[in-house]
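Observations on the model geometry
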Amino acid sequence: IEVRTKFPVARIKRIMQADEDVGKVAQVTPVVVSKALELFMISLVGKAAEEAKARSSKRVLSSHLKQAVQKDEQFDFLSEIVSKVADAP
């Protein structure tokens, strides 16, 4: 999968340094976090797209994301957040 968008490394570094518990951040750390975010998003959106395709939908909706999170235990940490999303009609 080709990813055209990148998470802004400078913004990630700024967010990391905003935390008082974080000291100096190595130059490569925000780059690695950016790549990890990309891979996470590819995985999550890919699973949601599979849900949409299984339901013959042309669009990926929040309910598809919810189903993807609920079906895959890898995304258990998101279950509290997606519980607030309405179920698919």
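In this text, all values refer to a predicted model and were calculated from it rather than measured experimentally.

1. Quick word on the overall build of the protein chain
Looking only at helices and strands, the protein chain features four helices and zero strands. Each helix and strand of the protein chain, placed in order from N terminus to C terminus, yields the pattern α-α-α-α. For 89 residues, the compact-globule formula gives about 12 Å, and the C-alpha radius of gyration of the protein chain, at 16 Å, lies well above that figure. C-alpha extents for the protein chain along the principal axes are approximately 50 × 30 × 20 Å.

2. Here's the deal with the UniProt feature "domain: Transcription factor CBF/NF-Y/archaeal histone" (unreviewed entry) in the protein chain
Here, the residues flagged by UniProt with the feature "domain: Transcription factor CBF/NF-Y/archaeal histone" (unreviewed entry) are residues 6-69. Counted over residues 6-69, helix gives 69% and strand 0%. Its end C-alpha atoms are 23 Å apart.

3. Structural notes on the nonpolar core
Note on soluble globular proteins: their nonpolar side chains tend to be buried together. If you look at the biggest cluster of nonpolar residues, it comprises five residues: Leu-44, Val-69, Phe-75, Leu-78 and Val-82. Those residues in contact with Phe-75 that lie beyond four places of it in its chain are Phe-40, Ser-43, Leu-44, Lys-47, Ala-68 and Val-69.

4. Describing unusual backbone geometry
We note that Ser-56 has phi near 55°; this positive angle belongs to a residue other than glycine. Assignment of secondary structure puts Ser-56 in the loop between α2 (29-54) and α3 (62-71).

5. Some remarks on the pattern of salt bridges
In this structure the tally under the stated criterion is five salt bridges. Across the pair Lys-47 and Asp-72 runs a salt bridge whose closest N-O atoms are separated by 3.4 Å. Of this pair, Lys-47 sits in helix α2 while Asp-72 sits in the loop between α3 and α4 (79-82), and the two are 25 residues apart along the sequence. The buried category is assigned to Asp-72, whose relative accessible area is 16%.

6. Considerations on a nonpolar patch on the surface
A cluster of nonpolar side chains, contributed by Phe-7, Leu-37, Met-41 and Val-45, occupies part of the molecular surface with about 280 Å² of accessible area. With respect to the helices and strands, Val-45 occurs in helix α2. Val-45 sits in the partly exposed class, given a relative accessible area of 40%.

7. A look at the packing of aromatic side chains
With the rule as written, the count across this model stands at two aromatic pairs. Considering the side-chain rings of Phe-40 and Phe-75, the 6.0 Å spacing of their centres and the 70° angle between planes classify their relative orientation as edge-to-face. One end of the pair, Phe-40, is in helix α2; the other, Phe-75, is in the loop between α3 and α4, with 35 residues separating them in the sequence. When its relative accessible area of 26% is taken as the criterion, Phe-40 is described as partly exposed.

Cut-off values and rules
- Residues numbered from 1 in each chain as written.
- Predicted model: local features only at pLDDT ≥ 70, side-chain atom pairs only at ≥ 80, totals over all residues.
- Heavy atoms only, no water.
- Helix = DSSP H or I, 4+ residues; strand = E, 2+ residues; numbered from the N terminus.
- Rg over C-alpha atoms; globule rule 2.2 N^0.38 Å.
- UniProt positions renumbered as here; feature names shortened; annotations may be inferred.
- Core = buried A, V, L, I, M, F, W, Y, C linked by side-chain atoms within 4.5 Å.
- Buried < 20%, exposed > 50% of the residue type's maximum accessible area, 1.4 Å probe, protein only.
- Contact = heavy atoms within 4.5 Å.
- Salt bridge = Lys/Arg side-chain N within 4 Å of Asp/Glu carboxyl O.
- Patch = residues over 30% accessible without salt bridge, like charges linked within 9 Å, V, L, I, M, F, W, Y side chains within 5 Å.
- Areas by Shrake-Rupley, 256 points an atom, 1.4 Å probe, with all protein chains shown as cover.
- Phe/Tyr/Trp six-rings, centres within 6.5 Å; stacked < 30°, edge-to-face > 60°.

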